[in-house]
Amino acid sequence: MDLHSRLLSRRGFLRGGLALGGVLYTVPGLFADQLAKTPPTTEGPFYPDKLPLDTDNDLLILNDTLTPAIGEVTYLSGRVLDQGGNPLRNVVVEIWQCDGNGAYLHSGTGNANRRDKNFQGYGRFTTGVKGEYLFRTIKPVPYPGRTPHIHFIVKKGDRKLITSQLFVTGHPENAGDGVLRGVRDPIDRELLMCDFKPLKDSKLGELAATFDIVVGLTPERP
Amino acid sequence: MQRFPRFLVLAVGLGLIALASLGLAQPGQPKGGTANVDAFVARLMAFDKNADGKLAKDEVTDERLLRLFERADANKDNTVTKEELVALATQEVALGGQPGGGQPGQKDGGGKGGFQKDGFGKDGGKGGFQKDGFGKDAFGKDGFGKDKGGFGKDGFGGFGRPQVGVLVPTFLQDRLKMTDGQKKELEALQKEIDGKLEKLLTEEQRKQLKEMKEGAGGPPRP
């Protein structure tokens, strides 16, 4: 009898067996139809060093001022899932990106003198029962030396489940981007691509982008 | 001899399995994410549920990979054969991990294209980014490198594709704290160079340059 069956058959180790089941869930071959994990990439140097007062999911309007930020308005949504395709509820999705002038919400950013004060630069959303998240932001633009991208982190409590970046499908700068090229597997690179399409019925030329994030979960200790 | 406690044996066993599972990559992905054509093909052919040696569109249950499927489907018959996968893989695998074609700042070849594991370059001295993203001197130890004009292989300190035709971009002028006098002289120099460059290039080349410039961080479109 193999180790798996031996351990699960022992009544006294049922709890351990459940934990083992959780561990074996990540063993390739044992469970088919696993979704590929969204690959991690570097956090980069510009995670906000001072979080804004306004940390909601609308990056366009800062503290109720009515002047919107400069850029192509985009509704970015998706789901956070585990590899079995199950939604992760109550996890926090954070995004941050440079504004339309190429400045981040960070004291060390380039283009600091041109920072768009009506762009929040950072947003946060807690997923609902279906694992879904939603942000209103701008389509990312190039930052010196980088192709357009949006940084994201998914956290469960204090634990980071993934840190990565999403990119604009087909952008000409992608081929030269060092971070993206550092993702060696072309399938992994594909998993970081996001389409920015015109939002149906929008009279304002807004865009819609859908990006599902698949995370691997380490097992709970018994 | 004392009987070795069973729970201890199993705890060690569980621990070992937990460790082993951490070391295992997701299904079909070779350890370390090494990109090669075989691995790419194998990873996608894992979706071939009916094992007929090709992929039908509805077999690709991970929606995020449908774009890749469409790229692979060269003859647009909604089926992807192994040959079509190999052809796509050969193209796409080649894009990963190599120094970007448009990355200056590589005085001695650079090799890693100015971007190391963390995406931002361990060795700022070669003109890449420093480990923390920008380091003290965003342009590496030797500033602009040999060519202070900003052109040339190492003129941009690893900032990715050079903004062709621009002597000193505005964000750099600010960083360098150029005086008004300097800026005026630079402007005159820029005009002179623009004129000469325009005479030098053909219509087609000028068009290409314009497209590159817009992709490399021009002002956002309204």
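Sequence order as written defines residue numbering, which begins from 1 separately in each chain. Naming scheme: in the order in which they are written, chains are lettered from A and ligands are numbered from 1. Per-residue local features of the predicted model are confined to residues with pLDDT of at least 70, and side-chain atom pairs are confined, for both listing and counting, to 80 or more; whole-chain, interface and lining totals are unaffected and use all residues.

Caption draft 1: Structural view of the overall build of chain A. Numbering of helices and strands runs from the N terminus, with a helix taken as a DSSP run of H or I at least four residues long and a strand as a DSSP run of E at least two residues long. A tally of regular secondary structure across chain A gives four helices and ten strands. Counting helices and strands in the order they occur from the N terminus, chain A gives α-α-β-β-β-β-β-β-α-α-β-β-β-β. Within chain A, the proportion of its 222 residues that are buried is 44%. By the convention adopted here, residues make contact when the C-beta atoms placed from their backbones lie within 7 Å. Considering only contacts within chain A whose residues lie at least 6 apart along the sequence, 71% involve residues at least 24 apart. The burial label depends on the number of other C-beta atoms within 10 Å of a residue's C-beta. Counts of 20 or more mean buried, 12 or fewer mean exposed, and intermediate counts mean partly exposed, with C-beta atoms placed from the backbone.

Caption draft 2: Main features of the overall build of chain B. The secondary structure content of chain B amounts to seven helices and two strands. Taken from the N to the C terminus, the helices and strands of chain B come in the order α-α-β-α-β-α-α-α-α. Counting every position in chain B, which comprises 222 residues, the buried fraction comes to 26%. Within chain B, contacts between residues separated by at least 24 positions form 36% of all contacts whose residues are at least 6 apart in sequence.

Caption draft 3: Representation of the nonpolar core. The biggest cluster of nonpolar side chains holds 56 residues, and the ones touching the most others in it are Val80(A), Val93(A), Val154(A), Leu166(A), Ile213(A) and Val215(A). Not counting residues up to four positions away in its chain, the partners in contact with Val154(A) are Val80(A), Val91(A), Val93(A), Leu161(A), Ile162(A), Ile213(A) and Val215(A). Throughout this description, the term nonpolar core refers to a group of buried Ala, Val, Leu, Ile, Met, Phe, Trp, Tyr and Cys residues whose C-beta atoms join them within 7 Å.

Caption draft 4: Region of the structure containing the pairing of strand β2 (residues 92-96) of chain A. All names here are of chain A. Burial within β2 is extensive, with four of its five residues counted as buried. Paired strands, in this sense, are two strands between which DSSP finds at least two bridges. As judged from the five bridges shared by β2 and strand β3 (residues 122-126), these two strands associate in the antiparallel manner. Each bridged residue has a counterpart across the sheet, and for Trp-96 the counterpart in β3 is Tyr-122. Sheet topology note: the β2/strand β5 (residues 149-156) ladder contains five bridges and is antiparallel. By the bridge assignment, Val-92 is partnered in β5 with Lys-155.

Caption draft 5: Up close: helix α2 (residues 37-45) of chain B. Every buried residue belonging to α2(B) is among Ala39(B), Phe40(B), Arg43(B) and Leu44(B), and all of these are buried. Considered in projection along α2(B), the buried side chains sweep an arc of 125° and stay on one side of the axis. Think of the arc as the fan of directions from the helix axis to the C-beta atoms.

Caption draft 6: Main features of the sheet that holds strand β7 (residues 193-194) of chain A. All names here are of chain A. Pairing is mixed across the open sheet formed by five strands, whose spatial order is β3-β2-β5-β6-β7. Every interior strand has two partners, whereas the edge strands, β3 and β7, have only one. Bridge count between strand β6 (residues 159-168) and β7: two bridges; the pairing is parallel. Note that in β7 the partner of Phe-167 across the bridge is Met-193.

Caption draft 7: The arrangement of unusual backbone geometry in detail. Its identity as a non-glycine residue notwithstanding, Asn90(A) has a phi of 65°, on the positive side. Position of Asn90(A) among the secondary structure elements: in the loop between β1 (73-82) and β2. Assessed through the 12 C-beta atoms surrounding it within 10 Å, Asn90(A) is described here as exposed. The phi dihedral of Ala51(B) falls on the positive side, at around 50°, and the residue is not glycine. Looking at the secondary structure, you find Ala51(B) in the loop between α2 and β1 (54-56).

Caption draft 8: Just the confidence of the model for chain B, in detail. Residue and element names in this part refer to chain B. Per-residue confidence from the predictor is given as pLDDT, running between 0 and 100. Confidence in the prediction for chain B averages 64 pLDDT; 47% of positions are at 70 or higher. Within chain B, helix α1 (residues 6-23) has the poorest average pLDDT of any element, 56, and strand β2 (residues 79-81) the best, 94. For the stretch residues 20-34, pLDDT sits under 50, and the model shows 28 contacts to residues farther than four places along the chain or on other chains. Predicted confidence is poor over residues 216-222, with pLDDT under 50, and the contacts of this stretch with residues over four places away or in other chains come to twelve contacts.

Caption draft 9: Quick peek at helix α6 (residues 180-200) of chain B. Expected helix span is given by 1.5 Å per residue-to-residue step, counting one fewer step than there are residues. The terminal C-alpha atoms of α6(B) lie 30 Å apart, and with 21 residues this matches the ideal 30 Å at 1.5 Å per residue to within 8%. In terms of residue burial, α6(B) counts as a barely covered element, since only zero of its 21 residues are buried.

Caption draft 10: Up close: the environment of Ile138(A). Within the secondary structure layout, Ile138(A) lies in strand β4 (residues 132-138). C-alpha of Ile138(A) to C-alpha of Gln97(A): the two residues are 41 residues apart in sequence and 9.0 Å apart in space.

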